Amino acid sequence: MSKSIIILGIESSCDDTSAAIIQDGRILSNIIGTQKVHEQYGGVVPELASRAHQQNIIPVVNQAIKESGIEKNQISAVAFTRGPGLLGSLLVGVSFAKSFALGLGVPLIDVNHMQGHILAHFIKEKDGSGNPPNFPFLCLTVSGGHTQIVNVKDYLSFELIGETIDDAAGEAFDKSAKLLGLPYPGGPLIDKYAKEGNPKAFTFGIPKVDGLNFSFSGLKTSILYFIQKKIKEDPKFIENNLADICASIQHSIINILMKKIEKAAKESQINDIAIAGGVSANSGLRKRLQEMEQSHQWKTYIPPFSYCTDNAAMIAITGYYKFINNEFCSQSITPQARLSI
Ligand code: KG4
Ligand code: ZN
């Protein structure tokens, strides 16, 4: 039997410090240190994020190795997020990965964070189970920083066919939540309150954007004007209608996303559809995609919750496929805040 491939993955692109161990595509550990410090500021403060990564990275990596049950010297390569993301945050993970790989005498693998979100679909559980999509498939990647439709042709072959021209879908959730006085990140809270509300209680316009691109900034403005107007009539409007407002906002965001993925599927004639990224944890989006599976005869792929928001398992699995492909990087590599897929 050939020697197994064990990858240590490191993710530090935004406000989660994460480390994971993957052996031959199977997850052994996935530790995520979430930074609470940003909550009080209503968004991620880059300087504070870098400092928290510095504090978290060693304990998080240590715990990932400990929980995996492997020994440090069994690691075949260290994979890390090169970008896109916050430069100061990325620097912590990149520097740590470089030193750790150097110390162990193993190769380094740079990973694109957006590719990682997509390849999370290929992570196998410890017992070998999983639900990997067939190639080619379309992936709607929806996170706090990105909204993309990608034609995934193979493990490491991606074609970007649509993206947002302004805010990301996660930002639309978070900024709307902020208008409602909810803390950061507001996406999960909108999801929670929406469950009790009527998605058709209030309507917000759907933007007209060419091709497969998205726009969310108009939605944010119309929600702002709507709230301001309603509060003038009734100062307790938000309090008294929170569930209906959240359900309606969520419904509008999902409509914008679904309209474009439907168009992409039709144009490319690809009916294998996946979602990825933090917003793919949204229960309304997951439900709608399942409904589309029935009505459109799609085969859909929805990641387990633990692989939706930022995590190092997705970086380790991408590292695994790059390892097999002999795609390594040198010690002189630098992080990139902007990096296309
Ligand atoms: O992928 P991710 O963890 O980080 C980035 O790469 O940006 O995505 C974070 C985003 C945030 O905007 C957060 O509000 C959103 O994902 N999010 C959700 C839910 N869980 C996370 N949005 C809506 N519903 C959720 N359940
Ligand atoms: Zn992400």
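Residues numbered from 1 in each chain as written. Chains lettered and ligands numbered in written order. Predicted model: local features only at pLDDT ≥ 70, side-chain atom pairs only at ≥ 80, totals over all residues. Heavy atoms only, no water.

Attention shifts here to the sheet that holds strand β5 (residues 108-112). Two orientations exist for strands paired in a sheet by backbone hydrogen bonds: parallel and antiparallel. Here we have 5 strands laid out as an open sheet, ordered β3-β2-β1-β4-β5, and mixed in their pairing. The open sheet has two edge strands, β3 (26-34) and β5, and neither has a second partner. Pairs of neighbouring strands in the sheet enclose a mean axial angle of 20°, with direction left out of account. Its contacts with the sheet place helix α2 (residues 87-104) against β1 (6-11), β4 (77-83) and β5, and it is angled at close to 160° to β4. (Pairing = 2+ DSSP bridges. Helix = DSSP H or I, 4+ residues; strand = E, 2+ residues; numbered from the N terminus. Axes fitted to C-alpha atoms, helices over the stretch in contact; angles between N-to-C directions. Contact = heavy atoms within 4.5 Å.)

Let's shift gears to the site of ligand 1. The environment of ligand 1 is formed by 18 residues, the closest being Gly 144, Asp 174, Asp 191, Asn 282 and Asp 310. In the complex, 90% of the free accessible area of ligand 1, which totals 560 Å², lies under the protein chains. Breaking the shell around ligand 1 down by element, the ones donating at least two residues are α3 (113-119), α4 (169-179) and α5 (187-194). (Near = heavy atom within 4 Å. Areas by Shrake-Rupley, 256 points an atom, 1.4 Å probe, with all protein chains shown as cover.)

If you walk through the whole model with that rule in mind, you get 15 aromatic pairs. With a centroid separation of 5.2 Å and 90° between ring planes, the pair formed by Phe 204 and Phe 226 is classed as edge-to-face. Placement of the pair is Phe 204 in the loop between α5 and α6 (217-233) and Phe 226 in helix α6, with a sequence separation of 22 residues. Across the pair, Phe 226 and Phe 204 agree in class, each one buried. Joined through ring pairs, the aromatic side chains of Phe 122, Phe 135, Phe 137, Tyr 155, Tyr 320 and Tyr 321 make up one cluster. (Phe/Tyr/Trp six-rings, centres within 6.5 Å; stacked < 30°, edge-to-face > 60°. Buried < 20%, exposed > 50% of the residue type's maximum accessible area, 1.4 Å probe, protein only.)

The next subject is the environment of Ser 18. As for its placement among the helices and strands, Ser 18 is situated in strand β2 (residues 16-23). By relative accessible area, which is 1% here, Ser 18 ends up buried. The spacing of Ser 18 and Ala 64 is 46 residues in sequence and 8.6 Å in space, taken between C-alpha atoms. Excluding residues that lie within four positions of it along the chain, Ser 18 makes contacts with Gly 9, Ile 10, Glu 11, Asn 30, Ile 31, Ile 32, Val 60, Asn 311 and Ala 312. Of note is the side chain of Ser 18, whose polar atom sits 2.8 Å from the backbone nitrogen of Ala 312. (Polar contact = N/O pair within 3.5 Å; in protein donor to acceptor, adjacent residues only side chain to side chain.)

Bringing the nonpolar core into the picture now. Counting 44 residues, the largest nonpolar core has Leu 180, Phe 216, Ile 253 and Leu 257 as its most contacted members. Residue contributions to this core peak at 15 residues, all from helix α7 (residues 237-268). Apart from the residues lying within four places of it in its own chain, the contact partners of Phe 216 are Thr 147, Thr 164, Asp 166, Asp 167, Ala 168, Ala 169, Ala 172, Ile 253, Ile 256 and Leu 257. Core analysis: the second largest hydrophobic core is formed by 32 residues, Ile 27, Tyr 307, Ala 313 and Tyr 321 among them. (Core = buried A, V, L, I, M, F, W, Y, C linked by side-chain atoms within 4.5 Å.)

A volume near 300 Å³ is recorded for the second largest pocket. Lining the second largest pocket are 14 residues; nearest its centre among them are Pro 199, Gln 250, Ile 254, Gly 284 and Lys 287. Counting residues per element, the ones that place at least two in the lining of the second largest pocket are α5, α7 and α8 (283-296). Ranked by residues supplied to the lining of the second largest pocket, first place goes to α8 with 5 residues. (1 Å grid on protein atoms, 1.4 Å probe; cavity = no way out; pocket = protein on both sides within 12 Å on 5 of 7 lines; lining within 4 Å. Points joined across faces, edges and corners; volume = space filled by probe spheres on them.)

Note that all results are geometric; they support no functional claim without further evidence.
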